[in-house]
Amino acid sequence: MLKKILKQHTGPLTRDLVQEPGRFGLGKIPSRLKPASTTTSICGFCATGCQLKIHLDEAGNAINLSPQSGYPVNLGMACPKGWQALDPLDATDRATTPLLRDESGTFQPVGWDTALDTFVTRLKSIKETHGRESVAFLSTGQIPFEEMALLGCLFKFGMGFLHCDANTRQCMATAVTAYKQSFGFDAPPATYADFEESDVIVLIGANLCIAYPILWQRVMLNRRNPEIIVIDPRSTETAQVATQHVAIRPKGDLPLLYALAHCIIRDGRIDETSIGNTEGFSEFSEFVTDYTPASVAADAGLSIEAIEQLAATVSEPGKRVSWWWTMGVNQSYEGVRVAQAIINLCLITGNIGKPGTGPNSITGQCNAMGSRLFSNTTSLVGGHDFANPGHRSKVASSLGIPEENIPSEPSLAYDEIFDAVEAGKIKALWIVATNPFHSWINRSRLDTLREKLDFLVVQDMYHSTESARAADLVLPAAGWGEKSGCQINSERRIGTIKAVKKAPGLALSDFRILRLIADRWGCGDMFGAWTDPEAVFKILRDLTAGRPCDITGIKDYDQLDGEGGIQWPYPKSKTQHEKFKMSTQRRLFEDGKFFTPNGKAKLLFTAPSPNPEPTDAEYPFTLLTGRGTSSQWHTLTRTGKSKLLARMAPPKPYVETHPDDARALGLESNASVVIRSRRGEMRASAYIATTVQAGHVFLPMHYPEVNLLTHPSFDPHSRQPNYKACAVAVTAV
Ligand SMILES: Nc1nc2c(c(=O)[nH]1)N[C@H]1C(S)=C(S)[C@@H](COP(=O)(O)OP(=O)(O)OC[C@H]3O[C@@H](n4cnc5c(=O)[nH]c(N)nc54)[C@H](O)[C@@H]3O)O[C@H]1N2
Ligand SMILES: Nc1nc2c(c(=O)[nH]1)N[C@H]1C(S)=C(S)[C@@H](COP(=O)(O)OP(=O)(O)OC[C@H]3O[C@@H](n4cnc5c(=O)[nH]c(N)nc54)[C@H](O)[C@@H]3O)O[C@H]1N2
Ligand code: SF4
Ligand SMILES: [Mo]
């Protein structure tokens, strides 16, 4: 019951609640807290990208916030995390000074001088002894892209290292790879207005009510009486309020999607014009001939009739069908092909480039889309390619750096970086704004790898995170609210965040920390023009000239604020610019042209492969993992510090278990159980409900023990971890 109440209260907030802050525990605002002025900032949690209005006192410090009513994303709404976004800044475990581990293994507070000196001396000596491939960084989708770009460019072009990746690998690498291969560029086509313009909305592996509450509100604003279909093994909060729940077997997506293509092509419900904009249609239609509903029914866990019905609904002539996917698709050992199977369906039915359509990936973190363009990790900064000599020389001349400083080789992916640590090739790691000692798949491996590292630096807002506690050196960082820059949301909308509070103690913005490192390293001159975030924004803007993500038409931060954020592309060229300027909701591919050399989208496919860790007699349950409540963010370092948000979520791990399984295991509600995989075990209390199918259990990722269980398998194209299905055993304690 408590869980049910909690769930109800962690759902999205409607406009009435927004207008009545008293109902949300804020009470009547005393006159001393009445703002002297306000400013705006895009929320720093999820990639929805809601704009918040920050209320400031006379000194310019934040005293409160409320959702911004006129912003084209959130239209005056925010979820609990947005409302409480200032809370985590006041936590008592903020890192307020650099910490250096002494000989006895104890952290000692040190000044920035010592910290920077240690950082530079250690990394330089490791580089000298072991070469440029011996140091790597792991970063994030949760800092402004000006900071990401400085980190990636400093590390590769200035310090001369090669290997780095971001935690976005855990999150949307699959979508990136799928779009790049199919469209020739990483280009999510949607604009959020498409939620309101669709007749059929398919949410596949996506739990909007919990993970993107405001996007669910956008679905609710649809006046076309849409069919809302949720494809998810669990009866999620979203599935429960949709018009149809397709309770798929975990990882049954690829066979199901091929069977849908089979039925649609068989019945001639295809769009010839759209198919004309693709290549590979005859090969694809031949490939799906074998994928009859009867042949995939068992793998998909669905009846033949259900598959036929779904095929008919998503291909109904004259209806606008949009597909939206998140981690149920991306976090899979064959996620890229699943994403492309969705893309293929949209291409063959003409559901692309028109209002209310699209194969649309929703990305996770507030600035994951910024990292896709500017982090200089997997792609060369500004939407370029490290392997392309023309791109390297363009970026070198635009940044005024020697071309030979730009590597042509790719960086290792996240998991490959850990393999290189294991092999003794990588000796030092620098972790920025991510917490892999909690969030990485099969994370206990990191404890072993820690022993292999000569030097581990963690740059975080808090000294208490699982990763910071493992470090040799902790660099104290300012967080969202204490610094400025830009973020890009899931519909490619660029917006600004503002410094509305001073960071505590000696904590500095990541931007400042990186500038100090550049100077200490001796490459400060290379970044002489990178004086502040807005200057960097302009450098990055100019770099995008001529690329699909061209934003050369944006003047400055003020224009971004004045126009309600701006979606890329936004080129300077007169004709294009005039076309785009008029609209605050822009989707891609309206002209049927893609970013491939011949302008055609590719229909890509491979036969489904078996789950790398199927259940068996010893480990008979499939473990699903994901988001628990809308008030919990990832490893809880931020949301766990808000009293209100913490009260809205179960404090201890719980495992969702089907009543039939609970009966067979002799479990009562809230009974203590042990969940075991081949890699580790944890305890949780049983939450017995039909939200999971018999034979499945679900654990929210927010509890650190969960990734002791997960199975380290990866999509071969994207290297994204397969977080969502492995085999476990469940026993009563
Ligand atoms: N409250 C809150 N919101 C968040 C976050 C947070 O931590 N807390 N994190 C943000 C981030 S970074 C991300 S990436 C997003 C994630 O947002 P979502 O992807 O929506 O959330 P998840 O719960 O991880 O996974 C979605 C669903 O995938 C289902 N699933 C599992 N296996 C399969 C499968 O084989 N097939 C299908 N079709 N579905 C499957 C799960 O049952 C789950 O309901 O949320 C963002 N928003
Ligand atoms: N089992 C399982 N595991 C999963 C998932 C799953 O579905 N199931 N989902 C995966 C996904 S999609 C994601 S995105 C990852 C998220 O995994 P993480 O990125 O590891 O999770 P966060 O808690 O967001 O970690 C962000 C860290 O950055 C710090 N921080 C915040 N702001 C700043 C800043 O401005 N500067 C600096 N320097 N530090 C800052 C925070 O304190 C925190 O320690 O988890 C993945 N892990
Ligand atoms: S939906 Fe996402 S962006 Fe909007 S307030 Fe909530 S966490 Fe922030
Ligand atoms: Mo994510």
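Source: prediction; values computed, not measured.

Parameters at a glance
- Residues numbered from 1 in each chain as written.
- Chains lettered and ligands numbered in written order.
- Predicted model: local features only at pLDDT ≥ 70, side-chain atom pairs only at ≥ 80, totals over all residues.
- Heavy atoms only, no water.
- Domains from an automatic or database assignment.
- Contact = heavy atoms within 4.5 Å.
- Buried area = accessible area lost by both parts, 1.4 Å probe.
- Helix = DSSP H or I, 4+ residues; strand = E, 2+ residues; numbered from the N terminus.
- Nonpolar A, V, L, I, M, F, W, Y, C, P; charged D, E, K, R; others polar.
- Buried < 20%, exposed > 50% of the residue type's maximum accessible area, 1.4 Å probe, protein only.
- Pairing = 2+ DSSP bridges.
- Near = heavy atom within 4 Å.
- Polar contact = N/O pair within 3.5 Å; in protein donor to acceptor, adjacent residues only side chain to side chain.
- Areas by Shrake-Rupley, 256 points an atom, 1.4 Å probe, with all protein chains shown as cover.
- Axes fitted to C-alpha atoms, helices over the stretch in contact; angles between N-to-C directions.
- Phe/Tyr/Trp six-rings, centres within 6.5 Å; stacked < 30°, edge-to-face > 60°.
- Lys NZ or Arg CZ within 6 Å of the ring centre and 35° of its normal.

Moving on, we come to the domain arrangement of the protein. When cut into domains, the protein gives domain 1 (2-85), domain 2 (99-171 + 367-580), domain 3 (189-362) and domain 4 (621-732). Each partner contributes to the interface: domain 1 provides 19 residues, whereas domain 2 provides 16 residues. Roughly 1400 Å² is buried in total at the junction of domain 1 and domain 2, and carbon and sulfur atoms are behind 54% of that figure. Taken together, the elements giving at least two residues each to the side of domain 1 that touches domain 2 come down to strand S1 (37-42) and strand S2 (51-56). Of all the elements, S1 adds the most residues to the side of domain 1 that touches domain 2, at four residues. Grouping the amino acids of the side of domain 1 that touches domain 2 by side-chain chemistry returns 11 nonpolar, eight polar and no charged.

This paragraph deals with the pairing of strand S8 (residues 200-204). Looking down a regular strand, the side chains alternate between one sheet face and the other. Across the five residues of S8, five count as buried, placing the element largely inside the fold. Neither face of S8 is left uncovered, since the one carrying Val200, Val202 and Ile204 and the one carrying Ile201 and Leu203 both have all their residues buried. Across five bridges, the pairing between S8 and strand S9 (residues 227-231) is parallel. Note that in S9 the partner of isoleucine 201 across the bridge is isoleucine 228. As paired strands, S8 and strand S12 (residues 321-325) are joined by five bridges and run parallel to one another. Looking at S12, one finds that isoleucine 204 is bridged to tryptophan 325.

Around ligand 2 sit 35 residues in total, of which Gln142, Asn167, Ser439, Asp460 and Thr635 are the nearest. In the environment of ligand 2, a nitrogen atom lies 3.2 Å from a nitrogen or oxygen atom belonging to the side chain of glutamine 331. Contacts to ligand 2 include glutamine 459, whose backbone N or O atom sits 3.0 Å from a nitrogen atom. With the chains in place, 99% of the 920 Å² that ligand 2 exposes on its own is no longer accessible. Of all the secondary-structure elements, those providing two or more residues to the shell around ligand 2 are helix H21 (436-439), strand S15 (455-460) and strand S21 (621-626).

Once that is clear, we can look at the sheet that holds S9. Within a sheet, adjacent strands bond to each other through the backbone by hydrogen bonds, running parallel or antiparallel. Judged by pairing direction, the sheet is parallel, and its five strands sit side by side in the order S10-S9-S8-S12-S13 without closing on themselves. Two strands lie at the open edges of the sheet, namely strand S10 (244-246) and strand S13 (358-361), each paired on one side alone. The mean angle between the axes of side-by-side strands here comes to 20°, regardless of whether they run parallel or antiparallel. Relative to the sheet, helix H15 (residues 304-313) contacts S8, S9, S10 and S12, its axis offset from that of S9 by approximately 130°. Those strands touched by helix H17 (residues 335-349) are S8, S12 and S13, and its axis lies near 170° from that of S12.

Here glutamate 656 lies in strand S22 (residues 654-657). Distance from glutamate 656 to histidine 696, taken between C-alpha atoms, is 8.4 Å for residues 40 residues apart in sequence. At 2.8 Å, the side chain of glutamate 656 and the side chain of threonine 691 are in polar contact.

Before going further, it helps to spend a moment on the packing of aromatic side chains. Scanning the model with the defined rule gives 32 aromatic pairs in all. Centre to centre, the rings of tyrosine 414 and phenylalanine 418 are 5.5 Å apart; their planes meet at 65°, and the pair counts as edge-to-face. On the criterion of helical spacing, the pair formed by tyrosine 414 and phenylalanine 418 is a turn pair, its members being four residues apart in helix H20 (residues 414-422). One aromatic cluster is present, built from ring pairs that chain together Tyr179, Phe183, Phe185, Trp325, Trp568, Phe589, Phe594 and Phe595. Geometry around tyrosine 462 places arginine 94 over its ring, the cationic atom sitting 5.9 Å from the centre. In this arrangement the basic side chain of arginine 234 is found over the ring face of phenylalanine 698, its NZ or CZ atom lying 3.6 Å from the centre.

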